[in-house]
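Here is what each chain is made of, one letter per residue.
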Amino acid sequence: MDGSATATGLTVVPIAPAIGAEIHGVDLAADPSDATVAAIRRALLDHLVIFFRDQQITPAQQLAFARCFGTPVPYPMVDGIDGFPEIAPVLKLEHERVNFGGVWHSDTTYTQQPPMGAMLAARELPPVGGDTLFANQYRAWETLSEGMKAMLRPLRAVNSSAKASARITRNRGNAGGTGADEKTLKEAVHPVMRTHPETGRPALYVNAGHTTRFEGMTEAESAPILDFLFRHQTQAEFTCRFVWTPGALAFWDNRASQHYPLNDYHGHRRLMHRISIAGDRPA
C-alpha cells in the first residue's frame, strides 16, 4: 500500500492526484488522541476529502468523532434522526428516481456561514453504484487565466436555496416528504474567490447547485460566465471518485471542495448519515 505514515501510526493513501485520500490505521469508534486528531486534520487540509473504510460506528460515536473537529450543526433542510438532531438521514428509497443533492455543489452556500465540512457515514448501500465525486476548488482557481482571475477577484455571488438545480434534489425534504425548503427561502452573498481560513489559499467559490448570479448583475448577465465556471471547476483532472463500501465514512472540507453524489442505482435503497460541522463567514 503506497502512502505516507504519520507519527501516530496512521497511513494516508492518496486516491487521485488532485484530491482525496484514504486513511488507514484508526478506529473511529475509539476516543482519538489529540495527536491523531491533528494528523487527520492535516490530511483533510492537504487532500480536501478523506475516507475511512470498515468503521463500525454508532450515531453517537460518529457525533463524538465530528466534535473533535468543531461544532456539529443541524442540516437546514432535513430533520435529524431520533435522538440526534445533528445527524441528517440522506435517504433514497427503492421507488424514487431523484437522489438528495444530486448535482455538483458546495454545501448550503445559501447560508451566511456555510459548514467548514461534513462527515457522511454509509448505513445502507446499493449492490453497485451510488459513488460520490469530489472536486478540488484550489485547482479550479489556480488554472484560470490571469485575466479571468483579475475580473473575478472583486466579485461576490448570490447563492439561493431556491435554485432549481439543487431544489429538485431535496423536494422530499426528509423521509416523510415534508419539502420544508419550499417554505423558507435562504439566500447569502459570498466572494467568488474565497481565501481558506486555515491554509490561506484561494479557492473558486461558486457552484452550480446554489449560485444564481453575481451581486449587482442580473441572472442573464451572469449566466455566460457562471456557466463557464461551473464547467471549468468540475473537469475530470480536478476530481476523484469514491466507491462506497459498508462501514465507510467520508469527511470533506466544504471550504475548498465540491461533491456530486451519482444517481445510478434506481430500484435500490441507499441510506447515509450526515453531520455538518459549523464554519465561518467566507472571506
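Calculation notes
- Residues numbered from 1 in each chain as written.
- Predicted model: local features only at pLDDT ≥ 70, side-chain atom pairs only at ≥ 80, totals over all residues.
- Heavy atoms only, no water.
- Buried < 20%, exposed > 50% of the residue type's maximum accessible area, 1.4 Å probe, protein only.
- Helix = DSSP H or I, 4+ residues; strand = E, 2+ residues; numbered from the N terminus.
- Arc of directions from axis to C-beta.
- Contact = heavy atoms within 4.5 Å.
- Pairing = 2+ DSSP bridges.
- Axes fitted to C-alpha atoms, helices over the stretch in contact; angles between N-to-C directions.
- Expected span 1.5 Å × (residues − 1).
- 1 Å grid on protein atoms, 1.4 Å probe; cavity = no way out; pocket = protein on both sides within 12 Å on 5 of 7 lines; lining within 4 Å.
- Points joined across faces, edges and corners; volume = space filled by probe spheres on them.
- Nonpolar A, V, L, I, M, F, W, Y, C, P; charged D, E, K, R; others polar.
- pLDDT = per-residue confidence, 0-100.

As a further point, take helix H2 (residues 59-67). Taken residue by residue, H2 has Gln62, Leu63, Phe65 and Ala66 as its buried positions. Taken down its axis, H2 places every buried residue within 160° of arc, on the same side. Buried residues along H2 sit in contact with helix H1 (34-47), strand E4 (49-52), strand E5 (72-73), strand E7 (117-124), strand E15 (249-253) and strand E17 (270-277).

What follows concerns the sheet that holds strand E13 (residues 211-214). What the three strands build is an open sheet, ordered E10-E9-E13; its pairing is antiparallel. One side of each edge strand has no neighbouring strand; the edge strands of this open sheet are strand E10 (187-191) and E13. In this sheet, neighbouring strand axes are inclined to one another by 30° on average, regardless of whether the strands run parallel or antiparallel. Direction of pairing for strand E9 (residues 156-160) relative to E10: antiparallel, over a ladder of five bridges. Looking across to E10, one finds that Val158 is bridged to Val189.

Helix length check: H1 (14 residues) gives 20 Å between terminal C-alpha atoms against 20 Å at 1.5 Å per residue, within 8%. Within the sequence span of H1, burial applies to Thr36, Val37, Ala39, Ile40, Ala43, Leu44, Leu45 and His47. Among the structural elements, strand E2 (11-14), strand E3 (21-24), E4, H2 and E15 are those in contact with the buried residues of H1. In the stretch just after H1, Leu48 is the one whose phi turns positive, near 75°.

Once that is clear, we can look at empty space enclosed by the protein. One pass over the full model with this rule turns up three cavities of 30 Å³ or more. In this structure, the second largest cavity spans a volume of roughly 50 Å³. Val90, Leu91, Lys92, Asn99, Phe100, Pro261, Tyr265 and Arg270 are the residues that line the second largest cavity. Tallying contributions element by element places strand E6 (residues 87-92) first for the lining of the second largest cavity, with three residues. Of the residues assigned to the lining of the second largest cavity, the class counts are five nonpolar, one polar and two charged.

On to the environment of Ala236, then. Among the structural elements, Ala236 can be located in the loop between helix H6 (219-232) and strand E14 (239-242). On the basis of relative accessible area, Ala236 is assigned to the exposed category, the value being 58%. Spatially, the C-alpha atoms of Ala236 and Leu133 are 9.7 Å apart, while their sequence positions differ by 103 residues.

Before going further, it helps to spend a moment on the side chain of Thr111. Mapping Thr111 onto the fold places it in the loop between E6 and E7. If we ignore the near neighbours within four places in the chain, the residues touching Thr111 are Lys186, Ala188 and His190.

The next thing to look at is the confidence of the model for the protein. Here the protein shows a mean pLDDT of 93. Residues at 70 or above account for 91%. Under a pLDDT of 50 for its full length, residues 172-182 has, in the predicted model, 21 contacts with residues more than four places off or in other chains.

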